Structures are given as C-alpha cells and as structure tokens.
Amino acid sequence: MNYFVDRGSIVRKIWGKSDTILFIFAGASAEFALNKAVDWLYYTGVLPSDPLGRLFSTVKYARKIVFAPRDEAEEAIRTLKTIHASLEKSRGYAIPEWAYRDVLYMLIDYSISAFELLERKLSVPEKEEVYDVFFRVGDGMGLIHLPNDYNSWMISREEHLKRDLAFSEFSRDLFKQYRVHLGSVRFKILIEAQKLVVPALVVRLLKFKRIKWIKPAIPIYKATRKIGLSHVVKQILLPSDYKEEISKLDVV
C-alpha cells in the first residue's frame, strides 16, 4: 500500500510514541498561546472551554495523516482546509496564511526537539525528512511561500517567531485555563515540560524561570521506558480524561 509517510520513515518513529507526542503537545500549547492569530481559536469558544482537547485534537489530526495511506491522508488535508474555510466564512475574513504556516512550523520544530529530548539527536537527512513530510501537508493545503528545504525553513522559522509571537490577554487567559483544566500540580509539570522543548524566545515571552526542574528526571523516565514502567508514570501524571486516548497513540 502507498502511504503518505513511508513505513521506515523517522517521522513514523517520532509520531508513533505517546511520550514524544506529549512533548510535541507541550511545546505547541505554549506557542499557541503567544501566536498573534490565537484569537481565531477563541472565536468558536472551543479553545477557552476545552484548551487541552482543542490542542490535542490538532496533534491527533497530524498523527492521523502521518500513518494514513496516501489517498486518505491527502483527503484529510483537503478536509482540514475546508473546515477552516467554513470558519473564515462565518467570521467574515480569512485566516492569514502566516498563521497556517506557524502551526505547520510548530509541528516540525517540536517533532524534532521532542524526539531529541527523549531519544537521540537526529541527523541532517532525518531532519530534512521531517520537513519534507510537513511541507507536503502544507502544500496540500494550498500554502504558498513555504521554504524549499530544511535549511531555508530554519531561517523562516526564526523570522516567524520574531514577527508572529507576542504575549497578550489571550496568552494570559489560555494559561489560566490550562491551570484550571490540569490542576496546579499537573500545570507546573506542563510548564516544566514546555521549557525543555520551546525556543528561547517563547521562554522569554512567557517569563519562564530559567531553571529546568524536571530536566534531571528525563534520564530516569527514559529508564522506566526500557523496563516497561513508563505507562505507570503516565497514569499518575496525566488527566484521567485523556489517559485512554493517549495510550492509543503508541504504535506497536
């Protein structure tokens, strides 16, 4: 069968483990809050009422594309564009293309940083492979001005971060909602996880403390994976509403 992402691709390895996906989610949840187009996510009311569900659905949709046959993945990409077109029509004006690119860029960046945090450093060809997959997603959505290769993307990523991020009342409210939905202890763990994968600019804008309290625990957590106990750790740390969904993200 012809798949959108080859069976042996590093992208499947990245998106085939719930641990990695959770760190992708953590990074995206921080950067989403700072994006100057975050008001679009507030427009429907879904984000403030269920911020974890809304952001997690974005991650799950991306994962679905990664593991789907080519025709199903391309149909899912077209559907994604249709959904947003409907939202644009309802609000009366278009989502800026840079906002679409920002989301795509988040998935690329945090795919790499999350995997490198939990597994190993990626080679340049592997990073190029990650970029190629999400380039094809963006191209399928009709996005233009996408960089042609990984090196060009790194330059564009920096430009987008500097231009498109700012702390706002939406940022403040979204982090307030994270705390409400997670509880104080899990919220603190989320913050520490975010600090491990987000760019320095995001750390500065969110005024995170520089000390990374859970970084020393990462080798211990990686050891629990080797002896099959990581699921116990996740059962303790994760909100009960998402435990079953997250367990399904592991590809055996």
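Residues numbered from 1 in each chain as written. Predicted model: local features only at pLDDT ≥ 70, side-chain atom pairs only at ≥ 80, totals over all residues. Heavy atoms only, no water.

Student: For this particular structure, what's the right way to read the packing of aromatic side chains?
Tutor: What characterises a pair of aromatic rings is the spacing of the ring centres plus the angle enclosed by the ring planes. If you walk through the whole model with that rule in mind, you get 8 aromatic pairs. Ring centres of F175 and Y178 lie 5.1 Å apart, and the angle between their planes is 70°; this geometry places the pair in the edge-to-face category. Of this pair, F175 and Y178 both sit in helix 10 (residues 169–182), 3 residues apart, roughly one helical turn. Y178 gets classed as buried once you look at its relative accessible area, which sits at 0%. Members of the aromatic cluster, joined through ring pairs, are Y105, Y131, F135, Y150 and W153. Positioned above the aromatic ring of Y3, the side-chain terminus of R12 is 4.7 Å from the ring centre. A cation sits over an aromatic face here: R136 above F4, 4.3 Å from the ring centre. (Phe/Tyr/Trp six-rings, centres within 6.5 Å; stacked < 30°, edge-to-face > 60°. Helix = DSSP H or I, 4+ residues; strand = E, 2+ residues; numbered from the N terminus. Buried < 20%, exposed > 50% of the residue type's maximum accessible area, 1.4 Å probe, protein only. Lys NZ or Arg CZ within 6 Å of the ring centre and 35° of its normal.)

Student: How should unusual backbone geometry be read in this particular structure?
Tutor: With the exception of glycine, most residues fall at negative phi, and the peptide bonds are largely trans. Although it is not a glycine, H145 sits at a positive phi angle of roughly 65°. As for its placement among the helices and strands, H145 is situated in the loop between helix 8 (124–140) and helix 9 (150–164). A positive phi angle, close to 55°, is found at K207, a residue other than glycine. In this fold, K207 is placed in the loop between helix 12 (200–205) and helix 13 (218–226).

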